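Listed below are the residues making up each chain.
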Amino acid sequence: MLVLTTCACTCVYGQHLCVRQLPLVSCHLHHSCPPSSKIFQRSEGRAAASASRGLRSMEPLKACQDPEASTINPLSTAAKSSLADAGLTPSGTPGEQGSPAGLSPGETVFKEGKASILFPSANEVFYNPVQEFNRDLTCAVITEFARDVLAQRGVKVLVPGETERVVVSLSEETNEVDVKTDKKNGAEEPHLTATVGEKCERGLRVLEALAASGLRSVRFALEVPGLQSITANDFSTKAAALIARNAQYNKVDHLLQASCRDASMLMYEMRGKKERYDVIDLDPYGSPTCFLDAAVQAIGEGGLLCVTCTDMAVLAGSSGETCYSKYGSFSIKAKYCHEMALRVILHSLDQRAGVYQRYIQPLLSVSVDFYIRVFVRVFTGQATVKNSASKQALVYSCVGCGSFHLQKMGRRTNNGKHMKYSAATGPPVGPECDHCGQRHQLGGPIWAEPIHDFDFVQRVLYSASGNPSRFGTSKRIEGVLSMVTEELEDVPLYYTMDSLSNTIHCNTPSMLQFRSALLHAGHRVSLSHACKNTIKTDAPPAVLWDIMRCWEKTNPVKREKLSETSPAFKILSTEPSLEACFTVREDANPQSRKHHLKRFQLNPQAFWGPKARAKTGGGISCNLQDKRKKCQNKRKNQITDSSQLKNFPCKKFKQGSCTHGDQCCYSHEPDQAHQDKME
């Protein structure tokens, strides 16, 4: 419930005294609870503000007179350029000609999809325009999820611009079966309709636990049909006030409710079976692990849980011990690290859900750009939870040639009416690699079952392809989902062409030649959406190296330059046990590659990637790009002359604890940047 009140105070978004209506954040989730009469006031001390938010985290927000808080910096030139490069242009900017109607001085409106979002400053509330693909894909997935769930409730979902379910088949043969995907699961004949922007009494209850500006929630309200309510939550009072303003600005305040609470506490309080959400979206800055325990309890039976992870350095093997402490799995720095990251987060979700006799069913898991995104359904079932151990696996990865083997954590056997569970036997490898003689690294456990529901992905692909004007990134959605449908669902992880060739120091065969050799040998092969030039196959590593040995015979390497202890020498010293055929087959070229779909995009802009964390005071420091350039290649360009250390300030001198005096190898001169800041 969004409450409006009239107040006379110094506007937090401008610099003038005004009398206007300010949106207030509802303090209760239940309509039966009376609204609180207390008002959030800006505290001079950070601890007092934090305590106030913790005790009354959903009370109304109201700005008070504060000379420091009344000034909000407008968007910096760098921020405007960043958003413009990403295809987002401001529709209103403060200037000498005055602000557009409904805007306060210092505010700017940016449009994405059908939403128009107000931004008071550059970095006061976190926003990354590069993740438009993430938000578009989420809208597409939730729409199909709503279509499936509401069909069983007797509600038909109507999507703007979608006249009929168009079949987009990547194969050259027409697939007639896919047209009838709407009529299944014994769903009752729909007699009600749900459209975008309208409240559906039988619709879905959605929670965006970390909403920031509220852009994602506003887009849900404007683009996803069949919703009953949307709760957009953020722990920042400024962000919650901005969410309420954006809901009112886009005229969706009848659907969208702003909330200022701790995300975990909010979800813990909604664990009751009648209070759970149908959809929960977690898109934090960094790791989502601290919210997963609450999320798997607050999601309804068969509900959709959407999780984003941007801490790819941890998940991709750069810090395996940190990955284990957060996700309960040890990551490996290997070529397949991006798919392994997906399987690590799925393992973590399943492990946390199993504590409460719940289990997950992955619908779609993608690794794109600098983050990973998973969509899973959560169910309850004590018998099914017992299968969890047999769904996890350890990874043995050779440090020499990159060959890997999986070892399931548990084993289940069907004894007629009963299922027998036991510990798995292993390991699948010896002390040394059979191909190169090197040792193995142990990683995991990871999710070893399929990471996609291909029937669901096909339906999302059909809807996105049949209505290309719905999303700004429709072409990329079509390309990525097309590759997902082509992946081998029962084959975890993959190899890359460049790593296989680099191991034996030979020329790289073409993708079609290598895929054809595997097909001629009687094995299945596919690409992976997570990385270019990938080989996902059910062929054992011995077959791959036999094919590379046959390729090396026609493209020989200088063996006299190989060390006898190198993996290349060990591998090439063995004669191949099969004769590889590199004649290109027609079915070696996947349809997504043949049709030149947009599978992997180039970097859309300069300094593209994760943005800086939102700051309390707002604004991005003017020397941010200079700092990035200074830190670029700092490990490669290591200091060899000790005299160069004088260019760096002494940290102990700043703390007043340096005892070396003039003999210190670091500089004791005052930091110029600090002096400029003081001035």
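Residues numbered from 1 in each chain as written. Predicted model: local features only at pLDDT ≥ 70, side-chain atom pairs only at ≥ 80, totals over all residues. Heavy atoms only, no water.

Trainee: Looking at this structure, how should I read the overall build of the protein chain?
Mentor: Scanning the protein chain from terminus to terminus reveals 22 helices and 22 strands. Counting only residues that meet the buried cut, the protein chain has 52% of its 679 residues in that class. Long-range contacts, defined as pairs at least 24 residues apart, comprise 69% of the intrachain contacts of the protein chain with a sequence gap of at least 6. Element-wise, carbon and sulfur atoms account for 50% of the exposed surface of the protein chain, whose accessible area totals about 33000 Å². (Helix = DSSP H or I, 4+ residues; strand = E, 2+ residues; numbered from the N terminus. Buried < 20%, exposed > 50% of the residue type's maximum accessible area, 1.4 Å probe, protein only. Contact = heavy atoms within 4.5 Å. Areas by Shrake-Rupley, 256 points an atom, 1.4 Å probe, with all protein chains shown as cover.)

Trainee: Sorry, what's going on with the pairing of strand 11 (residues 277-282) here?
Mentor: Residues in a regular strand project their side chains so that they alternate between the two faces of the sheet. Judged by how many residues are buried, strand 11 sits mostly within the fold: six of six residues are covered. In the sheet, strand 8 (residues 199-208) pairs with strand 11 via three bridges, with the strands oriented parallel. For Val206, the partnering residue across the bridge sits in strand 11 and is Val279. Direction of pairing for strand 11 relative to strand 12 (residues 299-309): parallel, over a ladder of five bridges. Counted as the bridge partner of Tyr277 is Ile299 from strand 12. Read as a crossover between parallel neighbours, the route from strand 11 over helix 7 (residues 289-298) to strand 12 is right-handed. (Pairing = 2+ DSSP bridges. Right-handed = clockwise from strand over helix to strand, strands pointing away.)

Trainee: What is the right way to look at the packing of helix 3 (residues 132-152) against helix 4 (residues 215-223) in this model?
Mentor: Pairs of packed helices are described in terms of their axes, by the angle between the two and the distance that separates them. One can describe the packing of helix 3 onto helix 4 by two numbers: an axis separation of 10 Å at closest approach and a directional angle of 40°. As summarised for this structure, helix 3 and helix 4 are arranged oblique, according to the angle between their axes. Considering only the axes of helix 3 and helix 4, their crossing is right-handed. Together, Glu132, Asn134, Arg135, Asp136, Thr138, Cys139, Ile142 and Thr143 of helix 3 and Leu215, Arg216, Arg219, Phe220 and Glu223 of helix 4 make up the contact between the two elements. Per-class residue counts for the contact of helix 3 with helix 4 are four nonpolar, three polar and six charged. (Axes fitted to C-alpha atoms, helices over the stretch in contact; angles between N-to-C directions. Parallel < 35°, antiparallel > 145°, perpendicular 65-115°, else oblique. Left-handed = near helix turned anticlockwise from the far one by under 90°. Nonpolar A, V, L, I, M, F, W, Y, C, P; charged D, E, K, R; others polar.)

Trainee: Got a minute to help me understand the nonpolar core in this structure?
Mentor: One recurring pattern in soluble globular proteins: nonpolar side chains tend to sit buried together. In this structure, Met267 and Leu349 are the most contacted members of the largest nonpolar core, which totals 82 residues. A total of eight residues in this core trace back to one element, the largest contributor, which is helix 10 (residues 337-354). Non-local contacts of Met267, meaning those with residues more than four positions away in its chain, are made with Leu207, Ala209, Ile280, Leu282, Phe291, Ala294, Ala295 and Ala298. Judged by nonpolar contacts, the second largest core, of 59 residues, contains Val141, Cys200, Val368 and Tyr371. (Core = buried A, V, L, I, M, F, W, Y, C linked by side-chain atoms within 4.5 Å.)

Trainee: What's the story with the sheet that holds strand 10 (residues 256-259) in this structure? I'm lost.
Mentor: Two strands in a sheet stick together by hydrogen bonds in their backbones, pointing the same way (parallel) or opposite ways (antiparallel). Strand order in the open sheet made by the seven strands is 10-9-8-11-12-14-13, with mixed pairing throughout. A strand with exactly one partner marks an edge of an open sheet, and here the two such strands are strand 10 and strand 13 (358-368). This sheet shows a mean twist of 20° between the axes of neighbouring strands, independent of strand direction. Examined bridge by bridge, strand 12 and strand 14 (residues 371-380) share seven bridges and lie antiparallel to one another. The residue of strand 14 that forms the bridge with Cys306 is Phe375. Packed on one face of the sheet, helix 7 meets strand 11, strand 12, strand 13 and strand 14 and runs near 155° to strand 12.

Trainee: Could you clarify how one ought to interpret the pattern of salt bridges in this entry?
Mentor: Scanning the entire structure with this criterion turns up 25 salt bridges. Residue Asp278 is joined to Arg153 by a salt bridge in which the shortest nitrogen-to-oxygen separation is 3.6 Å. Pair noted here: Asp278 is in strand 11 and Arg153 is in the loop between helix 3 and strand 6 (155-157), with a separation of 125 residues, a long-range link. Judged by relative accessible area, Asp278 falls into the buried class, the value being 17%. For the salt bridge of Asp490 with Arg524, the shortest nitrogen-to-oxygen distance reads 3.0 Å. With Asp490 in the loop between helix 14 (474-486) and strand 20 (495-496) and Arg524 in the loop between helix 16 (511-520) and strand 21 (525-528), this pair connects stretches of sequence that are 34 residues apart. On the accessibility criterion, Asp490 (49% relative accessible area) is partly exposed. (Salt bridge = Lys/Arg side-chain N within 4 Å of Asp/Glu carboxyl O.)

Trainee: For this particular structure, what's the right way to read the sheet that holds strand 15 (residues 392-398)?
Mentor: Read from one edge to the other, the open sheet built from three strands follows the order 16-15-19, with strand pairing classed as antiparallel. Looking at the sheet topology across the chains shown, the edges are occupied by strand 16 (404-408) and strand 19 (440-447). Adjacent strand axes in the sheet meet at a mean angle of 25°, parallel and antiparallel pairs treated alike. Direction of pairing for strand 15 relative to strand 16: antiparallel, over a ladder of five bridges. Pairing of Ala393 across the sheet is with Lys408, part of strand 16. Where helix 10 meets the sheet, its contacts fall on strand 15 and strand 19, and the angle it forms with strand 19 comes to roughly 55°.

Trainee: Before we go on, may I ask you to explain the side chain of Glu552 in this structure?
Mentor: Mapped onto the fold, Glu552 is located in helix 17 (residues 541-554). Residue class for Glu552 comes out buried when judged on its relative accessible area of 3%. Aside from chain neighbours lying at most four places away, what touches Glu552 is Ile504, Val557, Arg559 and Leu572.

Trainee: Help me understand the packing of aromatic side chains in this model?
Mentor: One pass over the full model with this rule turns up six aromatic pairs. Measuring from centroid to centroid gives 6.0 Å for Phe110 and Phe119, while their planes differ by 65°, and the two rings are edge-to-face. Per residue, the accessibility class of Phe110 equals that of Phe119, and both read buried. Between Phe404 and Tyr495, the aromatic rings sit 4.6 Å apart at their centres with planes inclined by 25°, giving stacked as the arrangement. Of the two residues, Phe404 is situated in strand 16 and Tyr495 in strand 20; the sequence distance between them amounts to 91 residues. Under the relative-accessibility criterion, Phe404 is labelled buried at 10%. Geometry around Phe133 places Arg476 over its ring, the cationic atom sitting 4.6 Å from the centre. (Phe/Tyr/Trp six-rings, centres within 6.5 Å; stacked < 30°, edge-to-face > 60°. Lys NZ or Arg CZ within 6 Å of the ring centre and 35° of its normal.)

Trainee: Honestly, the environment of Thr310 in this entry has me stumped. Any pointers?
Mentor: As for its position among the elements, Thr310 is in the loop between strand 12 and helix 8 (312-315). In sequence terms Thr310 and Ser287 are 23 residues apart; their C-alpha atoms lie 6.5 Å from each other. Those residues within four positions of Thr310 in sequence are excluded, and the remaining contacts are Gln131, Pro284, Tyr285, Gly286, Phe370 and Tyr371. In terms of polar contacts, Thr310 uses its side chain to reach the backbone amide nitrogen of Gly286, at 2.9 Å. (Polar contact = N/O pair within 3.5 Å; in protein donor to acceptor, adjacent residues only side chain to side chain.)

Trainee: Explain the confidence of the model for the protein chain here, please?
Mentor: A low pLDDT means the predicted coordinates there should not be read in detail. Within the protein chain, residue pLDDT values average 79, and 72% of them lie at 70 or more. Highest mean pLDDT in the protein chain belongs to strand 11 (97); lowest belongs to strand 2 (residues 17-24) (39). In the predicted structure, residues 617-622 sits below a pLDDT of 50 and forms ten contacts with residues beyond four places in sequence or in another chain. (pLDDT = per-residue confidence, 0-100.)

Trainee: Would you explain unusual backbone geometry in this entry?
Mentor: Working note: non-glycine residues mostly have negative phi, and peptide bonds are mostly trans. With an omega of 5°, the peptide bond running from Gly426 to Pro427 counts as cis. Looking at where Pro427 falls in the secondary structure, it is placed in the loop between strand 18 (418-423) and strand 19. Even without being a glycine, Lys251 presents a positive backbone phi close to 60°. Tracing the chain through its elements places Lys251 in the loop between helix 5 (237-249) and strand 10.

Trainee: Would you explain the packing of helix 7 against helix 10 in this entry?
Mentor: For the pair helix 7 and helix 10, interaxial distance at closest approach is 9 Å and the crossing angle is 45°. One finds that helix 7 runs oblique with respect to helix 10. Along this stretch, helix 7 crosses helix 10, giving a crossing that reads as right-handed. Contacts from Thr289, Leu292, Asp293 and Val296 in helix 7 reach Ile345, Ser348, Leu349, Arg352 and Ala353 in helix 10. Across the contact of helix 7 with helix 10, the residue classes break down as five nonpolar, two polar and two charged.

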